[in-house]
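# Examining the three-dimensional arrangement
Here are the chains, one letter per residue:
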Amino acid sequence: MRKSFSFLALFLAILVQAEAQTTTGRITGTIQDGGSKSLPSATITLLKAKDSSSVKFSVANKSGDYEFVDIREGKYLVSVTSVGYDRIFSASFEISAAQPEVNLGVLKMTESAKGLGGVTVTAKRPFIETKIDKTIVNVEASPTSAGATALEVLEKSPGISVDNDGNISLRGKAGVIVMMDGKPTYLSAGDLANLLKNTPASALDQIEIMTNPSARYDASGNSGVINIKTKKGRAGGFNGSIMVGLTTSFFETPEGTFYVIPKSQNSFTFNYRKNKINLFGNYNPNAFRGRNRLEIFRNVLDQNKNIVGVNEVETRFKFGNNNHTVKLGMDYFANKKSTFGVVVSGFTFSGHPTPQTETNRYDANGNLFSTMISATDNRIKFRNLTTNLNFRHVFDTTGRELGVDFDYIAYDNVSNMLLETSFFNGSGQPNGSQLQLRGHLPSKINIYSFKSDYTHPLKNGRIEAGVKSSFVKNDNVVEYVRWDGAKWVGDSRSNHFIYDENINAAYLNGNTQVKKWSFQAGLRLENTIAKGYQVTNDSTFKRNFTNLFPSAFVSYALNKTNQLTVSYSRRITRPNYQDLNPFIYFLDSLSYRKGNPFLLPQFTHNIELSHSFKSKLITTLNYNTTKAVISQILKPDGDLVFLTADNVSKFRNIGIAITAPLPLTKWWNLNLFTNIYNNKYDFFYNGQQMYVSFTSFMVNMTQMFTFKKGLTAEISGFYRAKGVEQLSINEPMYVVSFGGQKQVMKGKGTVRLNLRDPFWIQRYRGSTKYDIVDTRVQNRWDNRQVTATFTYRFGKSTQQNQPPRRRNSASQDEQNRVGSGGQ
């Protein structure tokens, strides 16, 4: 800890010393139209003369005047943009010790040849943008996003993979933190997957992928952070869009039964911005139906690892749900320096999954001796409310600002299930009475969080500091009753678990630039206080620990087109709330899931070396190690098997990733991502040390074709080779999709058509083998889909003085860890 503080203090001393030795200057000017009238609200961008990279932005005042202050020595030029006018550039000029102030005089703008009346202007963004510190996926730029879900868009994003249980990995590493609009979802892997499956891609704006975040972000997530940004209006005036869509999916059983399954995705987005008020919101009503087929083959082994039996389990899922998501918000620009905001969002989910399971049990000679047929009727209601209050104050034009956020988040999840199992002998004759188990599983989570961030610019860098505190209360109840032939009686597996957690954090981060070198260093302190109380047996556990999380980045510009960056960070992954919950959740009559209240957090060291060519072609070497890895493991329980989490292993990941946007022609662009990596697990199971290691690779590819008259097309897909993840070996998985879109109604409308996995080649296959666990899994679902959507954009927009706001709320970690216990 002392070394980390010393390192940060030394870095900040160097930063301040470097700042003191740098001469800075001031740039002023005026913007007018062709008639010598001032142009307020024009946007002025200060650019470096050598490569036209952006340095600072300014907005002209009512008199058309603007200024840039604290500008370091160098050669510059400015560009000016305004709605209805052509972009203009100034001549090149220089800031030096001899000439610290430059007045560019009057720059006059010319009206565009074609007015904007009745014309909708849409800026084209590439599907994938690569930056040195993150990758950005612009969702709406992809035609194959039409009718897709948020999870499907994630799955085709560079470096992201999703396994059979909904666990999301980044570049072959599990433990990624997923945020929505800067707020963690607080959900377990399964519940997060359900949320993303029921969130339409039409509600998304961008996906940010960060493998090595700075100290400003929560230290959670050993493989990085994925931030999903939903849509929010930016332009002035009243404007918005309406999208209606219909998806038809197809599913075929081994017997040849063919199902045609309709689904519906719709959205409404609006924004009203005038003077000091900005109102925005969106509403997404959706109806989903689906089927899938899961097969599990388990070799039953004795303590000498001899096969004494085989269990074959087939589950056929049929599910349907209706969900609604809504977001409403307001920004109030009190003056040029202070902005207040409020955002209220939430969702309701009503589902009715009805899985049917057939389990056949064979002896060592392959003779069938038992069959169990189970039917589960599960009715789920899942509700969420999120409220964010925020304040932002800009002290001056140099970028010195203070931000404050307060969040309240509530989850309410209720699952009512009935499990009925009938037993038969090897000849198919009934054997014993039917088992009936009924469960009522309510879960409530309340989260309060507060954070404040302060940014103080220096002459060629800045210092950031902030604090955060969060309080979580998780109350879970499981009430099981079973039918004894005459009445319902209580079951011993009923339970009541309460978990409270308080996390307090503070950070300091600084960066500076010295000629071709860029430096950044940060240190984050986090204290965790937790208490778990199992009401049923009156048992309690407590946790209280404090950790430091340093981070550092060093970048060197070799020349105008090549840049090297090395980075390091220490990160933590805390157990999600569901994994801590000791409840038993039945999956079928022979398997269940059980939490582990004694789980400890895992810690990771991440090191990356990146090379950037023209800020587009990026090659990254990464190495990271994790101790006390939280792994999902299978354990036998007599004739049963259960899934639980435990700190069982050490983990090491090493790999190389290449991100390459390739403009092949003017009308054909290719985005290619490939990652080659080796995962190694070193773990103990039943007192025995074991190793699992595998070298694998994955490829994501998106081809975009731009034709005349507003017509674009896309071919996208991914291939994930055989590899190891969470102690399981995953077989290769791959998919290809086709999409197209056409601008209609003079640019106000867009028609999209998407064919997802038309050849029905995507499936999951995997195996888990260690000690006396020997299991194979195969899963197929209705991912072969045809989607048609129509989007209509309405309203006019006017430019406003205040730039659009995007916030990272106070809750940066907790939402990823909620476990609702639902299907």
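Residues numbered from 1 in each chain as written. Predicted model: local features only at pLDDT ≥ 70, side-chain atom pairs only at ≥ 80, totals over all residues. Heavy atoms only, no water.

## Re the confidence of the model for the protein chain
- Confidence in the prediction of the protein chain, expressed as mean pLDDT, is 82, and 86% of residues score 70 or more.
- Counted against residues more than four places away or in other chains, residues 10-22, with its pLDDT under 50, gives 23 contacts.
- Under a pLDDT of 50 for its full length, residues 814-823 has, in the predicted model, 67 contacts with residues more than four places off or in other chains. (pLDDT = per-residue confidence, 0-100. Contact = heavy atoms within 4.5 Å.)

## With respect to the environment of Ser 96
- Its location among the elements puts Ser 96 in the loop between β7 (93-95) and β8 (101-109).
- Under the relative-accessibility criterion, Ser 96 is labelled buried at 19%.
- In this structure, the C-alpha to C-alpha distance between Ser 96 and Gly 74, residues 22 residues apart in sequence, is 6.7 Å. (Helix = DSSP H or I, 4+ residues; strand = E, 2+ residues; numbered from the N terminus. Buried < 20%, exposed > 50% of the residue type's maximum accessible area, 1.4 Å probe, protein only.)

## Describing the pattern of salt bridges
- This model, assessed by the stated rule, comprises 20 salt bridges.
- Glu 295 is paired through a salt bridge with Arg 293; the nearest N and O atoms lie 2.9 Å apart.
- The buried category is assigned to Glu 295, whose relative accessible area is 13%.
- For the salt bridge of Arg 316 with Glu 314, the shortest nitrogen-to-oxygen distance reads 3.3 Å.
- A single network of salt bridges, built from pairs that share partners, joins Glu 255, Arg 293, Glu 295, Glu 314 and Arg 316. (Salt bridge = Lys/Arg side-chain N within 4 Å of Asp/Glu carboxyl O.)

## Some remarks on the pairing of strand β31 (residues 562-573)
- Looking at chain direction, strand β30 (residues 539-557) and β31 are connected through 7 bridges and run antiparallel. Residue pairing across strands places Ser 555 opposite Thr 565, the latter belonging to β31.
- Counted along the chain from β30 to the antiparallel partner β31, the turn is 4 residues long.
- Pairing analysis gives 12 bridges linking β31 to strand β34 (residues 602-613), with the strands arranged antiparallel. Within β34, the residue paired with Ser 567 across the bridge is Glu 608. (Pairing = 2+ DSSP bridges.)

## Some details on the side chain of Asn 562
- Within the secondary structure, Asn 562 is located in strand β31.
- When its relative accessible area of 16% is taken as the criterion, Asn 562 is described as buried.

## Quick word on the environment of Glu 464
- By the secondary structure assignment, Glu 464 is in strand β26 (residues 461-483).
- Linking Glu 464 and Arg 400, residues 64 residues apart in sequence, is a C-alpha distance of 9.7 Å.
- When sequence neighbours within four positions are dropped, the list of residues in contact with Glu 464 reads Arg 216, Tyr 454, Thr 455, Tyr 507, Leu 508 and Asn 509.
- Within the local environment of Glu 464, its side chain forms a polar contact with the side chain of Arg 462, the two groups lying 3.1 Å apart. (Polar contact = N/O pair within 3.5 Å; in protein donor to acceptor, adjacent residues only side chain to side chain.)

## Focus: the packing of aromatic side chains
- The tally for this structure, following the rule as stated, stands at 29 aromatic pairs.
- With a centroid separation of 6.0 Å and an interplanar angle of 25°, the aromatic rings of Phe 250 and Phe 258 are classed as stacked.
- On the numbers, 6.4 Å between centres and 20° between planes, the contact of Phe 497 with Phe 541 is stacked. Here the residue Phe 497 occupies a position in strand β28 (residues 495-514), and Phe 541 occupies one in strand β30, the gap between them amounting to 44 residues. Phe 541 shares its class with Phe 497; the two are buried.
- Taken together, the ring pairs connect Phe 238, Phe 268, Phe 270, Tyr 272 and Phe 794 into an aromatic cluster.
- Lying across the ring of Tyr 259, Arg 291 places its NZ or CZ 3.7 Å from the centre. (Phe/Tyr/Trp six-rings, centres within 6.5 Å; stacked < 30°, edge-to-face > 60°. Lys NZ or Arg CZ within 6 Å of the ring centre and 35° of its normal.)

## Here's the deal with the sheet that holds strand β4 (residues 65-72)
- Overall, mixed pairing links the 3 strands, which are arranged β4-β1-β8 in an open sheet. The strands lining the two open edges of the sheet, one partner per strand, are β4 and β8. Ignoring strand direction, the axes of neighbouring strands in this sheet form an average angle of 20°.
- Sheet topology note: the strand β1 (residues 24-33)/β4 ladder contains 6 bridges and is antiparallel. Bridge pairing links Gly 29 to Tyr 66 in β4. (Axes fitted to C-alpha atoms, helices over the stretch in contact; angles between N-to-C directions.)

## Re the side chain of Arg 524
- Here Arg 524 shows up in strand β29 (residues 517-534).
- For Arg 524, the side chain forms a polar contact with the side chain of Glu 526, separated by 2.8 Å.
- Contact partners of Arg 524, with chain neighbours within four places excluded, come to Ala 215, Arg 216, Tyr 217, Asp 218, Ala 219, Lys 468, Ala 505, Ala 506, Tyr 507, Asn 547, Leu 548 and Phe 549.

## Things to note about the environment of Trp 781
- Positionally, Trp 781 belongs in strand β45 (residues 773-781).
- A sequence separation of 464 residues divides Trp 781 from Phe 317, and the C-alpha atoms of the two residues are 9.1 Å apart.
- Here Trp 781 is in contact with Phe 251, Arg 291, Asn 292, Met 733, Trp 760, Gln 762, Arg 763 and Tyr 764, once residues within four sequence places are set aside.

## What about unusual backbone geometry?
- Residues other than glycine seldom take positive phi values, yet Met 745 does so here, at roughly 55°.
- Along the chain, Met 745 turns up in the loop between β42 (733-744) and β43 (749-756).

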